[in-house]
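Residue-level structure breakdown
Next come the chains, spelled out residue by residue.
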Amino acid sequence: MLKKELEKQIENILRDIGVESPRAELDTPAEMSHGEYSCNVALAYAKVFGIKPADLAQKIVDALLAKKHPHVESIEIAGAGFINFHLSSEFFVKTLEKIISEKDLYGKNDLRAGEKVIVEYTDPNPFKQFHIGHLMSNAVGETISRLIEFSGAKIKRANYQGDVGLHVAKAIWGMQELSGAMPYTKEDTLKKIEFLGGAYVHGSNAYTEDESAKKEIDALNKVIFEKSDDKINGLYDWGRKVSLEHFEDIYAKLGTKFDYYFFESETAPLGMFIAEELLAKGIFEKSEGAVVFKGEQYGLHTRVFVNSAGLPTYETKDLGLNKMKFDREDFDLSIIITANEQNEYFKVMLKALEFVDASIANKTRHISHGMLLSADGKKMSSRKGDVITGESLIVDVEKMVYEKIADRGLSDTEREVIMSQVAVGAIKYSILRQSPGRDIIFDFKKSLSFEGDSGPYLQYAHARACSVLRKAKEVEIVADLKKADSTGALEKMLIQFPNVVVRAEKDFAPQLVVTYLTELAGSFNAYYANTPIIIDAGDSAPYRVALTSAFAIVMKNGLWLLGMQAPERM
């Protein structure tokens, strides 16, 4: 990459004039008139020599010019000592050639080549609904997985699900209470899911409001954990199977395929063994019949790892889970995606994990996401006041998309496919446009806009480019870069894609890709509006078709990173 070459040249120049271990990093200037790359090393190292940054910048520029890099047209000093690079027209043509030849591979790098990374995300619980938090975790986790994969690592996607615990006991208690409404085996999945959801709500309300029901559910929780009752085991197996099959339908729509499925029923025994070891070592303590880890001595807080009934808590199951992950493979990095409300929990859990295996703890990274809120800044809810599930949000957006594309001349089959692709894209864009950890406002109207700052806007720009390419094929115009136009904003945007990928992966920042693609779509739309590409383009038509092809490739690759489809018609 040219960027890396120039950074290395600058570092060598600084080293030659006396800077120890110099570090140079090129950024993209905010203003395109300032060139394609900018570097502030002169401001950082001028104090080493006791001179003005502009004077050091001049020394660096003189040395760079002496090297006469073939792809650098000019170098200038701006402001207090910034070094700006303007690239040659030949470089842009070569980059377009590279994009068109590499296609789906363009933008990939090998910065994580040879690494093995596991990313755990989504984590819905059987017997409960797939809520909006799971949707957010999935969007963030899938994009981070793809960014890491695009950087050369071997990725394993993991899904951790709570198939035992109090929520299961509440649901099965509710199933017994509502057994008369239980769907028959041949009824569709949605009716079964609705029944399970209603059973869980019924059991949860009873647990809070009825002391006798609470005692029954607590006792049932132990029976489920011990698998000591055949009738309860039957209800458990039915509900677990229905939930997991339904989740797979949602994953398929979201574009996720998991490699590993971990369940609390599997991690709990290992976690209990670990907790007993830590108790024997004095790291965990007994407190009012429970086993706790007192985190105050590490600037944290106390958490219960085994409750007074002798059952493992989430904390102990997580210890077992993280040990189990590394028993599967020796990963270089383990990433866990959850809601930010679990930030403090993970600080304690990861500290406890240090006493189990410091190597695993050091390789584990927790990344959190915020909440998805309605336009009024509150939790999203239906007209009835019920909290909207992740699945119902997708369905609601699909209906709006279906109506929006009604008059676009699409067949019923095309309309159904595009409806799903655009709805998922609209939701994912809204989630990923801000840095992970921040709450997100979801505005139905804005999220479906074809005019800008939305997922459909990006997808429509790609579809528009594909339409141009179809037209070019009809009139037999073949893409050719030999007669290039003067370099414009679109070419300058396209060359930045690999750099954006590197930064987004390094910082686990999907929003950088979102911002870049939005600006890229705007650049193409402006080009499309103001530049004849086929009709009246004359000798420039082959180059402009090639440029449009390069744009479509980069947009498709970028959308793939975000877990979004790139429709060719809309």
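Coordinates for the structure precede this section.
Right, let's walk through the structure included here. (Residues numbered from 1 in each chain as written. Predicted model: local features only at pLDDT ≥ 70, side-chain atom pairs only at ≥ 80, totals over all residues. Heavy atoms only, no water.)

What follows concerns the overall build of the chain. Along its length, the chain carries 21 helices and 13 strands. Along the first, second and third principal axes, the C-alpha set of the chain runs to 80 × 65 × 40 Å. Across the 570 residues of the chain, 52% fall into the buried class. In the structure as shown, the chain presents an accessible area of about 26400 Å², 49% of it carried by carbon and sulfur atoms. Here the chain carries 71 positive and 83 negative side-chain charges, and the mean point of each set is 2 Å from the other. (Helix = DSSP H or I, 4+ residues; strand = E, 2+ residues; numbered from the N terminus. Buried < 20%, exposed > 50% of the residue type's maximum accessible area, 1.4 Å probe, protein only. Areas by Shrake-Rupley, 256 points an atom, 1.4 Å probe, with all protein chains shown as cover. Lys, Arg positive; Asp, Glu negative; His and termini not counted. Charge placed at Lys NZ, Arg CZ, Asp CG, Glu CD.)

An ideal rise of 1.5 Å per residue puts 21 Å on 15 residues; helix α1 (residues 2–16) measures up with 21 Å between its terminal C-alpha atoms. Listed in full, the buried residues belonging to α1 are Leu2, Lys3, Leu6, Glu7, Gln9, Ile10, Glu11, Ile13 and Leu14. Following α1 by one or two positions, Gly18 has its phi on the positive side, about 110°. (Expected span 1.5 Å × (residues − 1).)

Backbone-to-backbone hydrogen bonds join strands into a sheet, with any given pair of strands oriented parallel or antiparallel. Strand order in the open sheet formed by five strands is β6-β5-β4-β10-β11, and the pairing between neighbours is parallel. Unpaired on one side and paired on the other, β6 (260–263) and β11 (364–369) mark the two borders of the sheet. Ignoring strand direction, the axes of neighbouring strands in this sheet form an average angle of 25°. For strand β4 (residues 116–120) and strand β10 (residues 333–339), the ladder comprises four bridges, and the chain directions are parallel. Within β10, the residue paired with Val119 across the bridge is Ile335. Its contacts with the sheet put helix α12 (residues 343–356) on β10 and β11, and the angle it makes with β11 is roughly 175°. (Pairing = 2+ DSSP bridges. Axes fitted to C-alpha atoms, helices over the stretch in contact; angles between N-to-C directions. Contact = heavy atoms within 4.5 Å.)

Side chains of Glu177, Glu209, Asp210, Glu211 and Glu216 sit close together on the surface and give a patch of like negative charge. Within the fold, Glu209 resides in helix α7 (residues 189–209). (Patch = residues over 30% accessible without salt bridge, like charges linked within 9 Å, V, L, I, M, F, W, Y side chains within 5 Å. Salt bridge = Lys/Arg side-chain N within 4 Å of Asp/Glu carboxyl O.)

Another point: the environment of Glu476. The topology assignment puts Glu476 in the loop between α17 (455–474) and α18 (489–494). The class of Glu476 is exposed, set by a relative accessible area of 69%. Along the backbone, Glu476 and Pro542 are 66 residues apart, and their C-alpha atoms lie at a distance of 10.0 Å.

For the rest of this paragraph, the subject is the environment of Ile418. Positionally, Ile418 belongs in helix α15 (residues 412–432). Ile418 sits in the buried class, given a relative accessible area of 6%. The contact partners of Ile418, leaving out residues within four places of it in the chain, are Val401, Ile405, Leu410, Arg569 and Met570.

Quick look at α17 now. With 20 residues, α17 extends 29 Å between its outermost C-alpha atoms, agreeing within 8% with the 28 Å of an ideal straight helix rising 1.5 Å per residue. All buried positions along α17 are accounted for by Gly455, Pro456, Tyr457, Leu458, Gln459, Ala461, His462, Ala463, Ala465, Cys466, Val468 and Ala472. Buried positions along α17 lie against α15, α16 (444–447), α20 (510–530) and α21 (541–561). Where α17 begins, one side-chain oxygen reaches toward the backbone nitrogen of Tyr457, 3.2 Å away; that side chain belongs to Ser454. One or two residues past the end of α17 sits Glu476, with phi positive at roughly 60°. (Polar contact = N/O pair within 3.5 Å; in protein donor to acceptor, adjacent residues only side chain to side chain.)

By size, the foremost hydrophobic cluster in this structure holds 95 residues, and its most contacted members are Ile335, Leu494 and Leu520. Per-element tally for this core: the top contributor is α21, with twelve residues. Excluding residues within four positions of it along the chain, Leu520 makes contact with Leu490, Met493, Leu494, Phe551, Val554 and Met555. Ile118, Met272, Val348 and Met349 belong to the second largest nonpolar core, which has 30 residues in total. (Core = buried A, V, L, I, M, F, W, Y, C linked by side-chain atoms within 4.5 Å.)

For the coordinates displayed, the defined rule picks out one cavity of 30 Å³ or more. Of the pockets and cavities examined, the largest cavity occupies roughly 60 Å³. Forming the walls of the largest cavity are 13 residues, and the residues nearest its centre are Val140, Ile431, Gln434, Ser435 and Pro436. At the level of secondary structure, the elements contributing two or more residues to the lining of the largest cavity comprise α5 (132–150) and α15. Across the lining of the largest cavity, the residue classes tally to seven nonpolar, five polar and one charged. (1 Å grid on protein atoms, 1.4 Å probe; cavity = no way out; pocket = protein on both sides within 12 Å on 5 of 7 lines; lining within 4 Å. Points joined across faces, edges and corners; volume = space filled by probe spheres on them. Nonpolar A, V, L, I, M, F, W, Y, C, P; charged D, E, K, R; others polar.)

Read from one edge of the open sheet, three strands run β7-β8-β9, paired in antiparallel fashion. The open sheet has two edge strands with one neighbour each: β7 (285–287) and β9 (303–306). Across this sheet, the average inter-strand angle for adjacent strands is 50°, counted without regard to direction. Where α12 meets the sheet, its contacts fall on β8 (290–293) and β9, and the angle it forms with β8 comes to roughly 90°.

This next bit is on the packing of aromatic side chains. All chains considered together, the criterion is met by 25 aromatic pairs. Ring geometry for Phe524 and Phe551: centres 4.2 Å apart, planes at 5°, overall stacked. Residue Phe524 is found in helix α20, and its partner Phe551 is found in helix α21; the two are separated by 27 residues along the sequence. Accessibility expressed as a relative area gives 0% for Phe524, which makes it buried. By relative accessible area, Phe551 is classed as buried at 0%. One aromatic cluster in this structure is built from Tyr121, Phe130, Phe247, Tyr251, Phe258 and Tyr261. Directly above the aromatic system of Tyr207 lies the positively charged group of Lys170, at a separation of 4.8 Å from the ring centroid. For Arg328, the ring lying beneath its charged end belongs to Tyr260, and the centroid distance is 5.1 Å. (Phe/Tyr/Trp six-rings, centres within 6.5 Å; stacked < 30°, edge-to-face > 60°. Lys NZ or Arg CZ within 6 Å of the ring centre and 35° of its normal.)

Our next topic: unusual backbone geometry. Most of the time, phi is negative for any residue but glycine, and the peptide bond is trans. Despite not being glycine, Ser21 has its phi angle at roughly 50°, a positive value. Along the chain, the position of Ser21 falls in the loop between α1 and β1 (37–39). What makes Ser21 exposed here is its relative accessible area of 67%. Phi angles above zero are rare outside glycine, and Asp536 is one such case at about 65°.

With that settled, the discussion passes to the side chain of Arg157. By the element assignment, Arg157 lies in strand β5 (residues 154–161). Residue Arg157 is classed as buried on the basis of its relative accessible area of 8%. Of note is the side chain of Arg157, whose polar atom sits 3.4 Å from the side chain of Tyr121. Side chain to side chain, Arg157 and Glu149 meet in a polar contact 3.3 Å long. Residues contacting Arg157, with those up to four places away along its chain left out, are Val119, Tyr121, Glu142, Ser145, Arg146, Glu149, Lys257, Phe258, Asp259 and Tyr260.

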